[in-house]
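Chain by chain, the residues:
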Amino acid sequence: MSRTYSPSQRHRYLDFLGAVGARWIDVFDGNTEFYSAAYWDLLKEVWRHDKPVRKTDALNFMTNVKSPHTAGKYIDSALAYGFLVETENPADARSKLISLAPEMRAKLDTFFDAAVTALHEASADIEAGS
């Protein structure tokens, strides 16, 4: 069953998206280089796994990046900025493990908490018809 929303409800949804996007930039202290679907895909999936992941798996997290070489550049950049940490894989010496740096994990925890709060607020406004 599809619903039809009023223009003001649709605007409230867009306001929500804008606020989440602005907060995403805040995660990176205003550096808009990381306002990218590739970094979103990479960092949210590493956060979601909550444990080190194989670097080859992290390459595949970036679904909009088709080239492994290009995906590797995103990982290298996140490593250079200290957002990710690379370690040896004790289970396979041929591969590396990627995890979030502790400070980035804390920033993403705060980001997701704020995003969920904003979602609840926006949802209540939309349901109320405002």
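Conventions used here
Residues numbered from 1 in each chain as written. Predicted model: local features only at pLDDT ≥ 70, side-chain atom pairs only at ≥ 80, totals over all residues. Heavy atoms only, no water. Helix = DSSP H or I, 4+ residues; strand = E, 2+ residues; numbered from the N terminus. Expected span 1.5 Å × (residues − 1). Buried < 20%, exposed > 50% of the residue type's maximum accessible area, 1.4 Å probe, protein only. Contact = heavy atoms within 4.5 Å. Polar contact = N/O pair within 3.5 Å; in protein donor to acceptor, adjacent residues only side chain to side chain. Patch = residues over 30% accessible without salt bridge, like charges linked within 9 Å, V, L, I, M, F, W, Y side chains within 5 Å. Areas by Shrake-Rupley, 256 points an atom, 1.4 Å probe, with all protein chains shown as cover. Salt bridge = Lys/Arg side-chain N within 4 Å of Asp/Glu carboxyl O. Pairing = 2+ DSSP bridges.

Caption draft 1: Highlighting helix α5 (residues 102-128). For α5, which comprises 27 residues, the first-to-last C-alpha distance of 39 Å matches the rise-based estimate of 39 Å (1.5 Å per residue) to within 8%. Along α5, the residues that are buried comprise Met104, Leu108, Phe111, Phe112, Ala114, Ala115, Ala118, Ala122 and Ile126. Where α5 is buried, its residues touch α1 (7-27), α2 (37-49) and β3 (96-100). Phi for Gly129, located one or two positions after α5, is positive at around 85 degrees.

Caption draft 2: Here's a closer look at α2. An ideal rise of 1.5 Å per residue puts 18 Å on 13 residues; α2 measures up with 18 Å between its terminal C-alpha atoms. Listed in full, the buried residues belonging to α2 are Ala38, Tyr39, Asp41, Leu42, Leu43, Lys44, Glu45 and Val46. The backbone nitrogen of Ala38 lies 3.1 Å from a side-chain oxygen of the residue at the head of α2, namely Ser36.

Caption draft 3: Representation of a nonpolar patch on the surface. Where nonpolar side chains cluster on the molecular surface, the patch consists of Tyr13, Leu14 and Leu17 and spans about 290 Å² of accessible area. Within the element layout of this structure, Leu17 appears in helix α1.

Caption draft 4: Just the environment of His49, in detail. Inspection of the secondary structure assignment puts His49 in helix α2. The exposure class assigned to His49 is partly exposed, which follows from its relative accessible area of 33%. Considering only alpha carbons, one finds His49 and Gly129, 80 residues apart in sequence, at a separation of 37 Å. A polar contact is formed between the side chain of His49 and the backbone oxygen of Glu45, at a distance of 2.7 Å.

Caption draft 5: Here's a closer look at the pairing of β3. Buried residues dominate β3, accounting for 4 of its 5 residues. Where strand β1 (residues 53-54) lies against β3, 2 bridges are found, and the strand directions are antiparallel. If you follow Val53 over to β3, its bridge partner there is Ile98. In this structure, strand β2 (residues 84-88) lies alongside β3, joined through 5 bridges in antiparallel fashion. Of the residues in β3, the one forming a bridge with Glu86 is Ile98.

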